[in-house]
Amino acid sequence: MRHLFVVLLSMTFFTLNLFGVDATLKIEKDVEQRARIALMDGSSEPSSKVFDILLSDLKISGHFLPDSTHHIGDTASNYIIPALKSQEYVIKYSIDQRSGAKFLVRLLKASDGTQIFKKSYAIPKKAKMPFLIHKAISDINNILKYPSISWINRYVAYSVYTTPGRSEIRLADYTFSYKKTIIKGGLNLFPKWADSRQRSLYYTSYKGTLPTLYKLNIYNGTKTKIASSEGMLVCSDVSKNGSKLLLTMAPEGQADIYELDLGSKAKRRVTNFKGIDVNGRYIDDESRIVFVSNRLGYANVFKKSIQGGATSQVVYHGRNNNACDAHGDKIVYSSRESNNAFGDNTFNLYLTSTGSSDTRPITTTGANQFPRFSTDGSVILFLKQRGRSTSIGYTNLTSHQSLLFPFNDRKVQSIDW
């Protein structure tokens with residue numbers, strides 16, 4: 001059983017020394033569709049960190065072409081300096097972090113200084129300052145009637161190894177400027193958000209005699225036992241209404257995918273293969289699943305109806321496609337493209353769909369793992385290892401804008417967004 005668990009981890013949840021994201025990708029969206037915008041910092045103590053977060057939010061939205069200069073000036077006035085007249089909009093802002101965090105933002109037309117939007121934001125804990133910035137940019141995006149970018153307000157949940165046989169589950173904002181440990185003590189793995197509002201998450205604890213799946217409310221600390229199983233137990237997906245879970249279990253020594261009805265506690269076996277089936281994800285309005293299996297003799301992505309029936313191959317590219325995520329009919333997967341037994345290997349991300357064998361590369365260099373779609377399917381999160389540099393990356397599938405953030409934490413076991 002121990003060997004089975006090691007195989008599963010090595011096949012679907014590669015450690016951090018195999019991660020990655022491209023620093024630059026071709027931007028194919030017509031730049032004229034994005035608004036030119038500049039930032040004016042009126043804080044009593046201007047912060048480069050705050051400016052960098054604002055700049056990242058504007059870039060990854062896919063809706064703005066932000067000026068990369070950190071302008072310092074008056075926030076209260078509607079006056080626009082001549083150097084910014086070529087922009088369409090100017091965001092004037094100020095931040096006060098002496099007690100908690102307070103953030104004032106104003107959106108002005110660059111041509112004449114007309115105010116379009118003004119709002120103040122506050123939060124009692126200074127550490128959560130990045131969320132004030134994300135909310136402000138999300139609100140400005142909505143005021144200008146662009147498609148929602150509410151995903152920038154979400155938590156990222158991830159598990160990291162701390163010492164041999166022990167791990168912790170942490171929360172972060174999407175830039176990883178904010179980080180907080182919420183579960184520690186023992187071996188705690190595979191965090192998975194339980195609801196769209198991110199009030200609770202599922203995780204697997206190996207603290208007792210059997211792997212046990214728990215549901216934790218991150219706001220009040222309430223913990224509920226969901227299930228236990230021999231071998232392994234992982235929640236890989238949650239239905240849209242939260243009533244059903246896709247679980248990877250190995251009660252008989254082989255890993256298969258089950259669907260658990262939380263109301264009735266009934267489990268349905270979805271796959272039945274004398275090998276390894278893991279990492280199930282709902283697709284096609286939850287009528288089918290995609291998953292990773294070694295039924296071809298190597299890791300690849302397959303699909304089948306949730307009701308049973310035949311299994312069909314999804315990916316025909318690569319010989320080791322070890323991780324995947326899905327949104328609607330879209331599938332993103334990681335593919336090993338080198339075979340170096342004594343050094344680093346290249347893992348790139350590709351985008352495909354359930355109704356087509358066409359693939360589109362998302363990354364081109366490094367070792368890229370843990371692909372995860374945003375809630376609206378417009379952005380992909382992933383981790384990249386390139387040389388000795390580890391980053392968390394995002395690619396906007398519409399604008400093709402890509403961003404990297406340094407990842408200065410321990411070895412990641414799994415991640416959810």
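Since we're looking at a predicted model, the values are computed, not measured.

Description of the packing of helix H2 (residues 48–61) against helix H3 (residues 129–143)
It is at 10 Å that the axes of H2 and H3 come closest, and there the two elements cross at 40°. Here H2 is positioned oblique relative to H3, judged by the angle of their axes. In the crossing of H2 with H3, the sense of the turn from one axis to the other is right-handed. Packed against H2, whose contacting residues are Lys49, Val50, Ile53, Leu54, Asp57 and Leu58, the element H3 presents Met129, Pro130, Ile133, His134 and Ile137 at the interface. Broken down by class, the residue content of the contact of H2 with H3 amounts to 8 nonpolar, 1 polar and 2 charged.

Thoughts on H2
Across its 14 residues, H2 extends 20 Å between first and last C-alpha, which sits within 8% of the 20 Å expected from 1.5 Å per residue. Of all 14 residues that make up H2, 10 are buried, and the element is covered over most of its length. Buried within H2 we find Val50, Phe51, Ile53, Leu54, Leu55, Ser56, Asp57, Leu58, Ile60 and Ser61. Where H2 begins, one side-chain oxygen reaches toward the backbone nitrogen of Lys49, 3.3 Å away; that side chain belongs to Ser47. Immediately downstream of H2, the backbone of Gly62 shows phi near 80°, a positive value.

Regarding the packing of aromatic side chains
Going through the model one piece at a time under the given rule, you end up with 18 aromatic pairs. Ring geometry for Phe131 against Tyr178: centres 5.5 Å apart, planes inclined by 70°, an arrangement best described as edge-to-face. Taken together, the positions of Phe131 in helix H3 and Tyr178 in the loop between strand E8 (166–172) and strand E9 (179–183) put the pair 47 residues apart, joining distant regions of the chain. With relative accessibility at 13%, the residue Phe131 sits in the buried group. Assessed through its relative accessible area of 6%, Tyr178 is described here as buried. Centroid distance Tyr158 to Phe407: 6.0 Å. Interplanar angle 70°. Geometry classified as edge-to-face. Residue Tyr158 is found in strand E7 (residues 156–163), and its partner Phe407 is found in the loop between strand E29 (402–406) and strand E30 (412–416); the two are separated by 249 residues along the sequence. For the pair Tyr158 and Phe407, one class covers both residues: buried.

Some thoughts on the nonpolar core
The nonpolar side chains of soluble globular proteins are, as a tendency, buried together. Core analysis: the largest hydrophobic core is formed by 50 residues, its most contacted members being Ile91, Phe103, Phe176, Tyr394 and Ile415. When residues of this core are assigned to their parent elements, the largest contribution, 7 residues, is made by H2. Non-local contacts of Phe176, meaning those with residues more than four positions away in its chain, are made with Val156, Tyr158, Ile392, Tyr394, Phe407 and Ile415. Among the nonpolar cores identified, the runner-up in size contains 15 residues, and Ile276, Val278, Ile283 and Val315 belong to it.

Some details on the sheet that holds strand E10 (residues 188–193)
Strand order in the open sheet made by the 4 strands is E10-E11-E12-E13, with antiparallel pairing throughout. The open sheet has two edge strands, E10 and strand E13 (223–228), and neither has a second partner. On average, each strand axis in the sheet is tilted by 25° relative to the strand beside it, whichever way the strands run. Across 4 bridges, E10 lies against strand E11 (residues 200–205) in antiparallel orientation. Considered in E11, the bridge of Trp193 is made with Leu201.

Let's talk about the pairing of strand E28 (residues 389–396)
With 7 of 8 residues buried, E28 is to be regarded as a mostly interior element. Direction of pairing for strand E27 (residues 379–386) relative to E28: antiparallel, over a ladder of 8 bridges. Bridging from a neighbouring strand, Leu381 pairs with Tyr394 of E28. Count of turn residues in the E27/E28 antiparallel hairpin: 2 residues, of which Gly387 carries a positive phi of about 65°. Summarising the sheet, E28 and E29 pair through 5 bridges and their orientation is antiparallel. Its bridge partner lying in E29, Ile392 is registered against Phe405. Connecting E28 to the antiparallel partner E29 that follows it, the hairpin turn spans 5 residues, and His400 within it adopts a positive phi of roughly 65°.

Considerations on the environment of Ser61
Considering the arrangement of structural elements, one finds Ser61 in helix H2. Placed 76 residues apart in sequence, Ser61 and Ile137 show a C-alpha to C-alpha distance of 9.1 Å. In contact with Ser61, other than residues within four places in its own chain, are Ile149 and Asn396. A polar contact is formed between the side chain of Ser61 and the backbone nitrogen of His63, at a distance of 3.1 Å.

Brief notes about the sheet that holds strand E19 (residues 288–293)
Hydrogen bonds between backbone groups are what pair the strands of a sheet, and the pairing can be parallel or antiparallel. Pairing is antiparallel in the open sheet, where 4 strands are placed in the order E18-E19-E20-E21. Each having just a single partner strand, strand E18 (277–283) and strand E21 (308–313) make up the two edges of the open sheet. Within this sheet the neighbouring strands show an average axis-to-axis angle of 30°, counted without direction. In this sheet, strand E20 (residues 300–305) lies alongside E19 in antiparallel orientation, the contact comprising 6 bridges. Each residue of the ladder has a partner; that of Ile289, found in E20, is Lys304.

A few points about the confidence of the model for the protein
Per-residue pLDDT for the protein averages 89, and the proportion of residues at 70 or more is 92%. Below a pLDDT of 50 lies the segment residues 1–30, which in the model reaches 113 contacts outside its immediate sequence neighbourhood of four places, other chains included.

A short note on the pairing of E7
Taken together, the 7 bridges between E7 and E8 define a ladder with antiparallel strand orientation. Residue pairing for E8: Thr163 is matched across the bridge by Arg166. The turn linking E7 back onto E8 is made up of 2 residues, and Gly165 within it adopts a positive phi angle of 80°. Pairing of E7 with E30, which is carried by 4 bridges, proceeds in the antiparallel orientation. Paired with Val160 across the bridge in E30 is Val412.

Cut-offs used in this document
- Note that residues are indexed from 1 along each chain, following the sequence as it is written.
- Local features are withheld for residues below a pLDDT of 70 in this predicted model, meaning they are given only at 70 or higher, and side-chain atom pairs are given and counted only at 80 or more; totals for whole chains, interfaces and linings count all residues.
- Hydrogens are left out, water is left out, and the side-chain values use all remaining heavy atoms of the structure.
- To obtain an axis, a line is fitted to C-alpha atoms, over the contacting stretch when the element is a helix, and the angle between two such axes runs from 0 to 180 degrees between their N-to-C directions.
- Every helix listed is a DSSP run of H or I at least four residues long, and every strand listed is a run of E at least two residues long, numbered separately from the N terminus.
- An angle below 35 degrees is treated as roughly parallel, one above 145 as roughly antiparallel, one from 65 to 115 as roughly perpendicular, and anything else as oblique.
- The crossing is said to be left-handed when, going from far helix to near helix, the turn is anticlockwise and less than a right angle, and right-handed when the turn is clockwise.
- What makes two residues a contact is simply this: any of their non-hydrogen atoms within 4.5 Å.
- Polarity classes work like this: nonpolar for Ala, Val, Leu, Ile, Met, Phe, Trp, Tyr, Cys and Pro, charged for Asp, Glu, Lys and Arg, and polar for all others, with Gly in that last group.
- How far a helix is expected to stretch is found by multiplying one less than its residue total by 1.5 Å.
- Partly exposed residues are those whose accessible area sits between 20% and 50% of the maximum for their type, while under 20% is buried and over 50% is exposed, using a 1.4 Å probe and protein chains only.
- Think of a polar contact as two N or O atoms within 3.5 Å of one another; within protein, one of them needs to be a possible hydrogen donor and the other a possible acceptor, and neighboring residues in sequence only count if both atoms come from side chains.
- Pairing of aromatic side chains here covers Phe, Tyr and the six-membered ring of Trp, requires ring centres within 6.5 Å, and sorts the geometry by plane angle: under 30 degrees stacked, over 60 edge-to-face, intermediate tilted.
- To define a nonpolar core, start from buried Ala, Val, Leu, Ile, Met, Phe, Trp, Tyr and Cys residues and group those joined through side-chain atoms within 4.5 Å.
- Two strands are counted as paired when DSSP detects at least two bridges linking them.
- Here pLDDT means the predictor's own confidence in every residue, given as a number from 0 to 100.

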